[in-house]
Amino acid sequence: MKSVVIGSGFGGIAAALRLKAKNHSVTLIEKHPDLGGRARVFKKNGFTFDGGPTVITAPYLINELFELFNKKPDNYIKLTPLKTWYRFIFEDGLKFDYSGDEIQMKKQIKKINKDDVKGYEELVKFTKKIFDKGFTELADVPFDKPLVMIKQLPALLKLKSYKSVYSLVSSYIRNEKLRRILSMHPLLVGGNPFTTTSIYGLILYLEKKWGIHYSMGGTGHIINGLEKLMKEENINIIKGHEVTNIISSSNKIKGIKLDNQKIINADNVICNADPPAVYEKLLDIQKFNSLFIWKKKRMQYSMGLFVYYFGTKKTYDDVEHHTIKFGEKYKEHLDDIFNKKKLNDDISYYLHRPSATDSSMAPMGHDCFYVLVPVPNNQSKIDWSIEGNKIKNLVIDKMEQSLLPNLRENIVEDFYLTPDYFEKELNTKYGSGFSIQPKFTQSAYFRFHNKSEICDGLYFVGAGTHPGAGVPGVLSSAKVLSKIL
Ligand SMILES: Cc1cc2nc3c(=O)[nH]c(=O)nc-3n(C[C@H](O)[C@H](O)[C@H](O)COP(=O)(O)OP(=O)(O)OC[C@H]3O[C@@H](n4cnc5c(N)ncnc54)[C@H](O)[C@@H]3O)c2cc1C
């Protein structure tokens, strides 16, 4: 079997390795000169900026890729568990250190609202049930036939998947601040907690099960380890070339064409590139059936991301590795981003400080950061060449006030990415940060299928297909692939 994988995100790399382990002859093609997709690395003047994923959960899914070839993960990567997973900070200065230490968790909950301790215990128990079904049982099941979905519906309804994560959490927790903390997980995979199906409440339990890890040397170090493994296993890697066309005949895959006009024949093409963009721009099939057209048209896309990477000439030692700062009007802010598609000054943001754990990420005596602000995707038609700099200044002002005093005068290196980068450089529709939203009507069978219903030999892995975005999600999508191919 000759298989071509388009794209080198975590999903694409995992697919290439899993197919290689099944004796396929595999070629992986990446548009950029470096691998990783959203997990690319930007190195500048001694600073190492991980482009995207920083919170590593379910590490066994990464380790498995090495173990497929009887290799020891420790010889390639080094994952370290973090003690404090997230520090949440509210506008009134209240801090909450979220971790796997249940005693500390309950102590802090009790301080905010003692009546919510019991609700928290019940919530964790319920998310375990969701996790057992949604992750353990279903994350690597191929949902390419309606019957598979129909069979699961009664169980999913019993788990209240018609509710949103926020509404599920609110049925156990009274205090608004605790509700925000315990329902924020959909934001990690591009969803609005107020509309994302409560199935994603499983992330709360997934974190508790395996902890939150950091990859020493940055997430890019995992990509480097996987690249080394792919080379050892003779996977053919083509970097710096874009696939411009997927060639098919009578709805059967024949191969792909590169930007240099080279044609590579293949039995299977596995797209790690964003499914809607693939269907619209790469396939030479002009006519899709009406059910598929309807399904694609009604899709709702995840938020966009403004990511500001910066290095400082001093260290901010009291800032945690992962900080989430909530704005005052959190719900309104999310509504503006997801529904009204407009910017709002009352931002919430996530601040990443890898140098809190790993001094190799910045020159000595310096600190390395990125701050991520959720923004509308490019359906908004926002001109980022104007708004980008405004958001940069807004977020610097906000961080100076609450977290990083005198930040502006200490910045020695910086750059930012907007939804334009995600659209033009990573080829995602509307520059969404995480492909399509994780809503119930866009989950499992209702997502883009791992095995295309349009063309024989065409497959998908990565954020836009089942089970969804986030590193564990896209690694699981490659497990689905290896079951069907
Ligand atoms: C800023 C940010 C922070 C995040 N933080 C976390 C986190 O902490 N934890 C977590 O678990 N998840 C996180 N995520 C989500 C996670 O990073 C993604 O869901 C996941 O990495 C996406 O992987 P993927 O396999 O879908 O491929 P992608 O990373 O989307 O890669 C797709 C690749 O395909 C290539 N490509 C596209 N079209 C073509 C073509 N025509 N020819 C050749 N190549 C092509 C692109 O260049 C790209 O390299 C974050 C995401 C972002 C953006």
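Now for a quick tour of the structure. (Residues numbered from 1 in each chain as written. Predicted model: local features only at pLDDT ≥ 70, side-chain atom pairs only at ≥ 80, totals over all residues. Heavy atoms only, no water.)

Within the protein chain one finds 16 helices and 19 strands. Taken against the 2.2 N^0.38 rule, which gives 23 Å for 485 residues, the C-alpha radius of gyration of the protein chain at 22 Å falls within 12% of a compact globule. Within the protein chain, buried positions represent 62% of all 485 residues. For the protein chain, the exposed surface amounts to about 19,500 Å²; the carbon and sulfur share of it is 51%. (Helix = DSSP H or I, 4+ residues; strand = E, 2+ residues; numbered from the N terminus. Rg over C-alpha atoms; globule rule 2.2 N^0.38 Å. Buried < 20%, exposed > 50% of the residue type's maximum accessible area, 1.4 Å probe, protein only. Areas by Shrake-Rupley, 256 points an atom, 1.4 Å probe, with all protein chains shown as cover.)

In contact at an axis separation of 8 Å, helix H1 (residues 10-21) and helix H16 (residues 471-484) are set at 30 degrees when each is read in the N-to-C sense. In terms of orientation, H1 lies roughly parallel with respect to H16. Crossing hand, H1 versus H16: right-handed. Touching Phe-10, Gly-11, Ala-14, Ala-15, Arg-18 and Leu-19 of H1 are Val-471, Val-474, Leu-475, Ala-478, Lys-479, Leu-481 and Ser-482, all from H16. Looking at the contact of H1 with H16 residue by residue, the classes come out as nine nonpolar, two polar and two charged. (Axes fitted to C-alpha atoms, helices over the stretch in contact; angles between N-to-C directions. Parallel < 35°, antiparallel > 145°, perpendicular 65-115°, else oblique. Left-handed = near helix turned anticlockwise from the far one by under 90°. Contact = heavy atoms within 4.5 Å. Nonpolar A, V, L, I, M, F, W, Y, C, P; charged D, E, K, R; others polar.)

Turning next to the sheet that holds strand S12 (residues 263-265). Pairing is antiparallel in the open sheet, where three strands are placed in the order S10-S11-S12. The sheet terminates laterally at strand S10 (243-249) and S12, the two strands that pair on one side only. Direction aside, neighbouring strands of the sheet carry axes that sit 25 degrees apart on average. As paired elements, S10 and strand S11 (residues 252-258) share six bridges and run antiparallel to each other. Among the inter-strand pairings, Ser-249 is bridged to a residue of S11, identified as Lys-252. (Pairing = 2+ DSSP bridges.)

Another aspect to go through is the nonpolar core. Core analysis: the biggest nonpolar cluster contains 111 residues, and Phe-88 and Tyr-98 have the highest contact counts within it. No other element matches the eight residues that helix H4 (residues 116-137) contributes to this core. Excluding residues that lie within four positions of it along the chain, Tyr-98 makes contacts with Thr-84, Trp-85, Tyr-86, Phe-88, Met-105, Ile-181, Leu-182, His-185, Leu-204, Glu-207 and Lys-208. (Core = buried A, V, L, I, M, F, W, Y, C linked by side-chain atoms within 4.5 Å.)

Before going further, it helps to examine the site of the ligand. For the ligand, the set of nearby residues contains 38 residues, the closest of which are Gly-11, Glu-30, Arg-38, Val-55 and Asn-272. In the complex, 96% of the free accessible area of the ligand, which totals 1,000 Å², lies under the protein chains. Those elements that place two or more of their residues in the shell around the ligand are H1, strand S2 (25-30), strand S17 (367-375) and H16. No other element matches H16, which puts three residues into the shell around the ligand. Residues that form the shell around the ligand fall into these classes: 19 nonpolar, 15 polar and four charged. (Near = heavy atom within 4 Å.)

In total, this model carries 32 salt bridges according to the counting rule given. Where Lys-479 meets Asp-140, a salt bridge forms, and the shortest distance between an N and an O atom there is 3.9 Å. With Lys-479 in helix H16 and Asp-140 in the loop between H4 and helix H5 (146-158), the pair connects residues that are 339 residues apart, well separated along the chain. Each of the two residues, Lys-479 as well as Asp-140, counts as buried. As a salt-bridge pair, Glu-387 and Lys-390 come within 3.4 Å of each other at their nearest N and O atoms. You can see Glu-387 and its partner Lys-390 sitting in helix H13 (residues 384-402), three residues apart, about one turn around the helix. (Salt bridge = Lys/Arg side-chain N within 4 Å of Asp/Glu carboxyl O.)

Further remarks concern the environment of Trp-85. Mapped onto the elements, Trp-85 comes out in strand S6 (residues 84-89). Judged by relative accessible area, Trp-85 falls into the buried class, the value being 4%. Trp-85 sits 50 residues away from Phe-135 along the chain, and the two C-alpha atoms are 21 Å apart. Filtering out sequence-adjacent residues up to four positions away, Trp-85 remains in contact with Tyr-98, Ser-99, Gly-100, Glu-207, Lys-208, Gly-211, Ile-212 and His-322. There is a polar contact of 3.3 Å between the side chain of Trp-85 and the backbone oxygen of Leu-82. (Polar contact = N/O pair within 3.5 Å; in protein donor to acceptor, adjacent residues only side chain to side chain.)

On the surface, Lys-145, Lys-252, Lys-254 and Lys-451 cluster together into a positively charged patch. Inspection of the secondary structure puts Lys-145 in the loop between H4 and H5. (Patch = residues over 30% accessible without salt bridge, like charges linked within 9 Å, V, L, I, M, F, W, Y side chains within 5 Å. Lys, Arg positive; Asp, Glu negative; His and termini not counted. Charge placed at Lys NZ, Arg CZ, Asp CG, Glu CD.)

What follows deals with the pairing of strand S1 (residues 2-6). Most of S1 sits out of view: four of its five residues are buried. With five bridges connecting them, S1 and S2 associate as parallel partners. The partner of Lys-2 across the bridge, within S2, is Ser-25. The parallel pair S1 and S2 is bridged by H1, and the resulting crossover is right-handed. Sheet topology places S1 next to strand S13 (residues 268-271); four bridges connect them, and they run parallel. In the strand pairing of S13, Val-4 is matched with Val-269. (Right-handed = clockwise from strand over helix to strand, strands pointing away.)

Spatially, the five strands line up as an open sheet ordered S9-S2-S1-S13-S19, and their pairing is parallel. Every other strand in the sheet has two partners, leaving strand S9 (236-239) and strand S19 (458-460) as the edge strands with one partner each. Averaged over neighbouring strand pairs, the angle between their axes works out to 20 degrees when direction is ignored. The sheet contacts of H1 involve S1, S2 and S13, and relative to S2 the element is tilted by about 170 degrees.

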